Amino acid sequence: HKVDPLGIDVAQPRLSWQLRSDSRGVVQSAYQLEVTRDGRKVWDTGKVASDRSVLVPYGGPALESSRRYAWRVRVWDGGGRPSPWSAPGHWEMGLLSSGDWKARWIEAAQDEGAKASQPAPVLRGTFAVKGKVRSARAYVTSLGLYELEINGKRVGDQLFTPGWTSYHHRIQYQTYDVTGHLRAGENAIGAMLGDGWYRGFLAWKDRRAVYGDRLALLCQLRIEYADGRTETVGTGETWKSTTGPIRSSDIYNGETYDARLERPGWSAPGYADADWAPVVVVRPRERSLVAPAGPPV
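Since we're looking at a predicted model, the values are computed, not measured.

Calculation criteria
Residues numbered from 1 in each chain as written. Predicted model: local features only at pLDDT ≥ 70, side-chain atom pairs only at ≥ 80, totals over all residues. Heavy atoms only, no water. Salt bridge = Lys/Arg side-chain N within 4 Å of Asp/Glu carboxyl O. Buried < 20%, exposed > 50% of the residue type's maximum accessible area, 1.4 Å probe, protein only. Helix = DSSP H or I, 4+ residues; strand = E, 2+ residues; numbered from the N terminus. Contact = heavy atoms within 4.5 Å. Pairing = 2+ DSSP bridges. Polar contact = N/O pair within 3.5 Å; in protein donor to acceptor, adjacent residues only side chain to side chain. Phe/Tyr/Trp six-rings, centres within 6.5 Å; stacked < 30°, edge-to-face > 60°. Axes fitted to C-alpha atoms, helices over the stretch in contact; angles between N-to-C directions.

Enquirer: Explain the pattern of salt bridges here, please?
Expert: The final tally for this structure, using the stated rule, is 23 salt bridges. Salt-bridge contacts for Arg 67 lead to Glu 64; the nearest nitrogen and oxygen are separated by 3.6 Å. Taking relative accessible area as the criterion, Glu 64 reaches 36% and is therefore assigned partly exposed. Between Asp 77 and Arg 81 there is a salt bridge, and its shortest N-O distance comes to 3.1 Å. Among the ionic contacts, a cluster of salt bridges with common partners joins Glu 34, Lys 41, Asp 44 and Arg 72.

Pasting the structure below:
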């Protein structure tokens, strides 16, 4: 039920539209849907005699990871008169299989486990942009909670990402349009992690670490250049980690913040991170990575 959604993993997205008319009693007697990718038609229903206009499933060829699709619709009224084509809508697929993930899970070297709330890990990496960028997407998830920054600017406005799921079985990932965050030359990307539902206090009797005892980050950028080249960069062994001003954070117990320990510019290019430690590359247990099932906070 979204308008122009980004990063979905539904194999057959459902399409809906509303009729508008200056006349009374107008009804739909037929419709035609058309879906294109990069200007090429991939599905055309032809004229379908039906008054249905809500949750019509896509019925074309299998959709591909990271691809953007455009769709439009026209209808016929009760008198058999066709409408103009609608303005185009869009949807973009996320990463549909585990093989689409090229980035690697990383943990902060400083993380001391789950016996008590620890300072929030801060992780950063750098990469180069080698040409004019047409579009860029960040696919991000974590064990615990995360907030992402690129070149000193927070990515998105969502809170408590990636959300609470049955982490033993599936973890949601978010997709962000980060085209406007990138610049030519060196770029920096960073994330701060929190215990959240994954490792913090949960339920009763001082229960902690219900799902796991180590926080981790998985972040992958797909950069599409104006000349048609694509490049994938993400978390891996070149990243570094430390801690920052958040000394503890918990869903129930709140947050302790020490402003003396702020690290200005920590997610910007050129930041001096020589005293940061290398991250630990890990291979967590197999879990399904899925697009969010509901609206964000």
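Enquirer: Sorry, what's going on with the side chain of Ser 142 here?
Expert: Looking at the element boundaries, Ser 142 is found in strand β10 (residues 133–143). When neighbours within four sequence positions are excluded, Ser 142 is seen to be in contact with Trp 105, Thr 161, Pro 162, Ile 171, Leu 193, Ala 216 and Leu 217.

Enquirer: Explanation requested: unusual backbone geometry in the structure shown.
Expert: The phi torsion of most residues other than glycine is negative, and most of the peptide bonds are trans. Following Thr 161, the chain continues into Pro 162 via a peptide bond in cis, with omega recorded as 10°. In this structure, Pro 162 sits in the loop between β12 (153–154) and β13 (170–172). You will see that Leu 55, though not glycine, has its phi angle at about 55°, which is positive. With respect to the helices and strands, Leu 55 occurs in the loop between β4 (40–44) and β5 (56–57). The backbone of Ser 66 shows a phi angle near 65°, a positive value even though the residue is not glycine. Mapped onto the elements of the fold, Ser 66 is located in the loop between β5 and β6 (68–77).

Enquirer: Teacher, can you tell me more about the sheet that holds strand β21 (residues 277–278) here?
Expert: The strands that make up a sheet are held in pairs by hydrogen bonds between backbone atoms, and each pair lies either parallel or antiparallel. Spatially, six strands are ordered β12-β11-β15-β9-β18-β21 in an open sheet, and the strand pairing comes out antiparallel. One side of each edge strand has no neighbouring strand; the edge strands of this open sheet are β12 and β21. Bridge analysis of strand β11 (residues 145–150) against β12 gives two bridges, and the strand direction is antiparallel. Along β12, the bridge assignment pairs Glu 149 with Arg 154.

Enquirer: Explain the environment of Arg 247 to me, please; I cannot follow it from the model alone.
Expert: Mapped onto the fold, Arg 247 is located in strand β19 (residues 246–250). In sequence terms Arg 247 and Pro 119 are 128 residues apart; their C-alpha atoms lie 3.9 Å from each other. Of note is the side chain of Arg 247, whose polar atom sits 2.6 Å from the backbone oxygen of Gly 244.

Enquirer: How should I be thinking about the packing of aromatic side chains in this particular structure?
Expert: Aromatic rings considered in pairs are described by the distance between their centres and by the relative angle of their planes. Within this structure, the stated rule accounts for 12 aromatic pairs. Consider the rings of Trp 43 and Tyr 58, whose centres lie 5.2 Å apart with planes at 70°: the pair is edge-to-face. Taken together, the residues span a long stretch of sequence, with Trp 43 in strand β4 and Tyr 58 in the loop between β5 and β6 at a distance of 15 residues. Overall, Trp 43 belongs to the buried group, its relative accessible area being 15%. On the basis of an interplanar angle of 15° and a centroid distance of 6.5 Å, the ring pair of Tyr 198 and Tyr 211 is categorised as stacked.

Enquirer: What is the right way to look at the pairing of β11 in this model?
Expert: Among the six residues of β11, five are classified as buried, and the element is accordingly described as predominantly covered. Hairpin geometry of β11 and β12 is characterised by an intervening segment of two residues between the two adjacent antiparallel strands and by a positive phi of about 50° at Asn 151.

Enquirer: Teacher, can you tell me more about the sheet that holds strand β7 (residues 89–93) here?
Expert: Overall, mixed pairing links the five strands, which are arranged β1-β7-β6-β3-β4 in an open sheet. The open sheet has two edge strands with one neighbour each: β1 (6–8) and β4. Ignoring which end each strand starts from, the neighbouring axes of this sheet average 35° apart.

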